[in-house]
Amino acid sequence: MAMEQKRAPGAGENTAPPARLLLETSAGIIGLALLLFIPAGTLRWLAGWAYLALYAVWAYAGVLLLGRHSPELLVKRFLAVEPPCNNWDKFFFILFAPLIMTLIIICSSQTEVDRDFLSYSGAVSGFIGLACSYALFTVSLLNNNFAAPYVGLQAGQRPCDRGPYAVIRHPMYLALICFFGCTPAALGSFAGFAPGALLALLVAARTAAEDRFLLKNLPGYSGYAARVRYRLVPGVW
């Protein structure tokens, strides 16, 4: 996702997000609530409510911030999404949503946090990690004016080297991997680490595929990759 597009005039104006997008965000929060509490079989689950509240705050704040900072990207990312143009990207999205749902359902139905006092410290660490992953994702999105959900090229694109993109080439993917690793810890589910690890591997594979695509097709990306050597983790990969 290390691409940038020149901002159109007026992109920084205070533009309210479309009501449709706010409704879709609300529907997503309701859907997450169902995935959390139906498998859990109870509403008396503090970690579940905290997880839902953190997601809701991030989702609404992200929409409002993006609507103010870059309304054209808000439309491109959420309302006028272009279909994937690569088979590997299509395959990624076929697996992505079902695996996320599986992760939440397993974590909700197999929570151990009420049985093991030590898992409370793990839950606190998990929520801190979730907050950091949400923050990194949002900051990356606000710094990259071409952070479309699918891999592809459009006129005017160039490598983005602002903010976290000055340190690693795919900070949004790092945020996703942290999210998948921290969700089982936050919800107190040891069983959830299996689908979390599978999702992290899937995102890492997409990172490698996208990086190859950009090196081949995006002008200036090879020079950017020479300056910013690491894709996800500085000093590692």
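Worth saying up front: this structure is predicted, and the values here are computed from it rather than measured. (Residues numbered from 1 in each chain as written. Predicted model: local features only at pLDDT ≥ 70, side-chain atom pairs only at ≥ 80, totals over all residues. Heavy atoms only, no water.)

Draft legend 1. Spotlight on the overall build of the protein. On a plain count of helices and strands, the protein comes out with eight helices and two strands. Tracing the protein from N to C terminus, the helices and strands come up as β-α-α-α-α-α-β-α-α-α. In the form shown here, the protein has an accessible surface area of approximately 11,600 Å², with 68% of it arising from carbon and sulfur atoms. (Helix = DSSP H or I, 4+ residues; strand = E, 2+ residues; numbered from the N terminus. Areas by Shrake-Rupley, 256 points an atom, 1.4 Å probe, with all protein chains shown as cover.)

Draft legend 2. How the structure looks around helix H4 (residues 87-109). If you check H4, its first and last C-alpha atoms are 34 Å apart, about what 23 residues at 1.5 Å a residue would give, namely 33 Å. Every buried residue of H4 is accounted for by Asp89, Phe92, Phe96, Leu99, Leu103, Ile104, Cys107 and Ser108. (Expected span 1.5 Å × (residues − 1). Buried < 20%, exposed > 50% of the residue type's maximum accessible area, 1.4 Å probe, protein only.)

Draft legend 3. Geometry of the side chain of Asp211. Here Asp211 is to be found in helix H7 (residues 193-217). Of note is the side chain of Asp211, whose polar atom sits 2.5 Å from the side chain of Arg169. Setting aside its immediate chain neighbours within four residues, Asp211 contacts Arg169, His170, Tyr221 and Arg231. (Polar contact = N/O pair within 3.5 Å; in protein donor to acceptor, adjacent residues only side chain to side chain. Contact = heavy atoms within 4.5 Å.)

Draft legend 4. Representation of the nonpolar core within the structure. One finds Leu36, Tyr51, Phe96 and Phe180 to be the most contacted residues of the largest nonpolar core, which totals 51 residues. Considering each element in turn, this core owes the most residues, nine residues, to helix H6 (residues 171-187). In this structure, Phe96 is in contact with Leu176, Phe180, Leu199, Leu202 and Val203, ignoring residues within four places of it in sequence. (Core = buried A, V, L, I, M, F, W, Y, C linked by side-chain atoms within 4.5 Å.)

Draft legend 5. Main features of the packing of helix H2 (residues 46-69) against H6. Interhelical geometry of H2 versus H6 gives an angle of 145° and a closest axis separation of 9 Å. Across the interface between the two elements, Ala47, Gly48 and Tyr51 of H2 pack against Phe179, Thr183, Ala186 and Leu187 of H6. (Axes fitted to C-alpha atoms, helices over the stretch in contact; angles between N-to-C directions.)

Draft legend 6. Local environment of a nonpolar patch on the surface. A cluster of nonpolar side chains, contributed by Ile30, Leu34 and Ile38, occupies part of the molecular surface with about 320 Å² of accessible area. In this structure, Leu34 sits in helix H1 (residues 19-40). Classification of Leu34 as partly exposed rests on a relative accessible area of 48%. (Patch = residues over 30% accessible without salt bridge, like charges linked within 9 Å, V, L, I, M, F, W, Y side chains within 5 Å. Salt bridge = Lys/Arg side-chain N within 4 Å of Asp/Glu carboxyl O.)

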